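Chain by chain, the residues:
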Amino acid sequence: MDRSQLRNMIDSGRAIAMDCYGISKSIPDDDEIGKLFKTRVMNNSVLMKRYEPAMKTARQPVIVTTVVYFPYDFDNPYDGGESLDFNSAGFFSDLSFKISKGSTSADLVEQINADMDVLKLVNSMHSLDPFLFKSKAEQREAGESIHDAYFAISAKEWDKIRLPIREKIQRLVSKALGATGEGADNLAREQYVERFLMKIWEAKDVNGIEPFIQAMQLEPERAPEIFFAWKAVCYYQVRFGDLLEPLKTMFQWCGHNQLCFPVDHVSLSGDEVRSIEEKRNILRKKMREGYVNAHKVLSAYEHSYKEFVENDRPQTFMSFLENAENSYLLLANHVSIATHSVNLWKWYVEQYGAEMRSGQFSELFEGLNTLYGVDVALTEAFA
């Protein structure tokens, strides 16, 4: 990945990349909570999520990997570096060697193990969206040990996302638990519903909500992660709604043959023109597929929700819950890529205008191609 693409990947939002070094610089050395990791090497890294299509026979539709990128120059992370794949068999030993350089002190081993715990938390998520990162940290009871700078979400933004999600879950829980009474009975019922809601929202255990678990026919040991996935789907429903207008504008730009092409195209060779046109066709197809797939998942969820809440037919929603983890995975892929792409596209258009010369266009175009996996699709087509 060249410098411009590293910059595009790191600077275009938190959905896919977390610049640990950039964030850690804002945290004083004497801060009570401190930086995310114990070792300097990890605090100077960039964490990234990478999405790849799974085999059609695979249990999960998308493969998500966590990549740890170590810049050669911490103050210029775009100037190249080396990466380690968290899911590779040799990750722990490779990371340990990179940090320790052969040292085996007990203190350093303890720091490396602590950093691995944080990386396991990050790897358990399908994206790096601040709302979901904070939610996952709270689920694992690690929220108070992570500085707010890493969550990158204000209290106002948190509530803007949280409140409609809680309202939606609360309505369904109230429906599942039956009609409310009057007076003291009604108050007791509301308190009962609130306890259920908090259990589902926190997604830590099922103690006290066993009747709901049984009614939904969920395996108790899987229920917390299913509830977290449900909350994630609700989050992406809110996020996708906010994204629709800018996404539509980006699609219009990409679908316009004149705008989505260098304004100084007369200087390009025939091969370069054909390459752009070929990649552009695949990019449009990938964008359309991503939008359709995200919309399909969210529509299926909304249908199942309404069937339960409005039509007293819980079976469809029960099926949704059973498959909620895959729905979360698909949305993390499509909505995260779309979010990152919109941020990237907006930056270039604001800097250079909708019509760009070859240099600027190539940086944006290849950035979008990288995010949507166009080069992978080309490779597969000619394999």
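Residues numbered from 1 in each chain as written. Predicted model: local features only at pLDDT ≥ 70, side-chain atom pairs only at ≥ 80, totals over all residues. Heavy atoms only, no water.

1. Considering the packing of aromatic side chains
Within this structure, the stated rule accounts for 24 aromatic pairs. Their ring planes at 50° and their centres at 6.4 Å tell us that Phe227 and Trp230 sit as a pair that is tilted. Of this pair, Phe227 and Trp230 both sit in helix H11 (residues 223–254), 3 residues apart, which is roughly one turn of that helix. Ring plane angle 45° and centroid distance 6.3 Å describe the contact between Trp253 and Phe361, whose orientation is recorded as tilted. Of this pair, Trp253 sits in helix H11 while Phe361 sits in helix H15 (residues 358–371); the two residues are 108 residues apart in sequence, bridging distant segments of the chain. With respect to burial, Trp253 and Phe361 carry one shared label: buried. An aromatic cluster of three or more residues is present, and its members are Phe196, Phe212, Phe227, Trp230, Tyr301, Tyr305, Phe308, Phe317 and Phe320. The cationic tip of Lys134 hangs over the ring face of Trp158; the distance from NZ or CZ to the ring centre is 4.4 Å. Over the face of the ring belonging to Phe228 we find Lys136, whose NZ or CZ atom lies 4.0 Å from the ring centre. (Phe/Tyr/Trp six-rings, centres within 6.5 Å; stacked < 30°, edge-to-face > 60°. Helix = DSSP H or I, 4+ residues; strand = E, 2+ residues; numbered from the N terminus. Buried < 20%, exposed > 50% of the residue type's maximum accessible area, 1.4 Å probe, protein only. Lys NZ or Arg CZ within 6 Å of the ring centre and 35° of its normal.)

2. Describing helix H6 (residues 130–139)
Most of H6 sits out of view: 9 of its 10 residues are buried. Inspection of H6 places Pro130, Phe131, Leu132, Phe133, Lys134, Ser135, Lys136, Ala137 and Gln139 among the buried residues, and these make up the whole buried set. In the stretch just after H6, Glu141 is the one whose phi turns positive, near 55°.

3. Brief notes about the pattern of salt bridges
In this structure the tally under the stated criterion is 19 salt bridges. Of the charged contacts in the structure, one is a salt bridge between Lys285 and Glu289, with a shortest N-O distance of 2.6 Å. Linking Lys285 with Glu289, this pair stays in helix H12 (residues 270–309), spanning 4 residues, or about one helical turn. On the basis of relative accessibility, which here comes to 32%, the residue Glu289 falls in the partly exposed class. For Glu307, the salt bridge is made with Arg313, and the minimal N-O distance between the two is 2.8 Å. (Salt bridge = Lys/Arg side-chain N within 4 Å of Asp/Glu carboxyl O.)

4. Structural notes on the environment of Asp264
Summarising the element assignment, Asp264 is placed in the loop between H11 and H12. When the C-alpha atoms of Asp264 and Ile161 are compared, they prove to be 43 Å apart, with 103 residues separating the residues in sequence. The residues touching Asp264, leaving out its near neighbours within four places in the chain, are Arg357 and Ser358. (Contact = heavy atoms within 4.5 Å.)

5. Some points on the confidence of the model for the protein
Per-chain confidence: the protein averages 89 in pLDDT, with 95% of residues scoring 70 or above. Per-element averaging of pLDDT across the protein places helix H16 (residues 374–381) at the bottom with 61 and H12 at the top with 96. (pLDDT = per-residue confidence, 0-100.)

6. As for the packing of H12 against helix H14 (residues 324–352)
One can describe the packing of H12 onto H14 by two numbers: an axis separation of 9 Å at closest approach and a directional angle of 145°. When the axes of H12 and H14 are compared, the crossing they make is left-handed. Residues Gly290, Asn293, Ala294, Val297 and Leu298 of H12 lie in contact with H14, whose contacting residues are Ser327, Leu330, Leu331, His334 and Val335. Residue classes in the contact of H12 with H14 are distributed as 6 nonpolar, 4 polar and no charged. (Axes fitted to C-alpha atoms, helices over the stretch in contact; angles between N-to-C directions. Left-handed = near helix turned anticlockwise from the far one by under 90°. Nonpolar A, V, L, I, M, F, W, Y, C, P; charged D, E, K, R; others polar.)

7. Side note on unusual backbone geometry
In this structure, Ala203 takes a positive phi of about 55° despite not being glycine. As for its placement among the helices and strands, Ala203 is situated in the loop between helix H9 (183–202) and helix H10 (210–215).

8. Focus on the pairing of strand E2 (residues 46–53)
By the bridge criterion, 3 bridges tie strand E1 (residues 17–19) to E2 in an arrangement that is antiparallel. The partner of Met18 across the bridge, within E2, is Leu47. Bridge count for E2 against strand E3 (residues 62–71) is 8 bridges, and the pairing is antiparallel. Of the residues in E3, the one forming a bridge with Tyr51 is Val64. (Pairing = 2+ DSSP bridges.)

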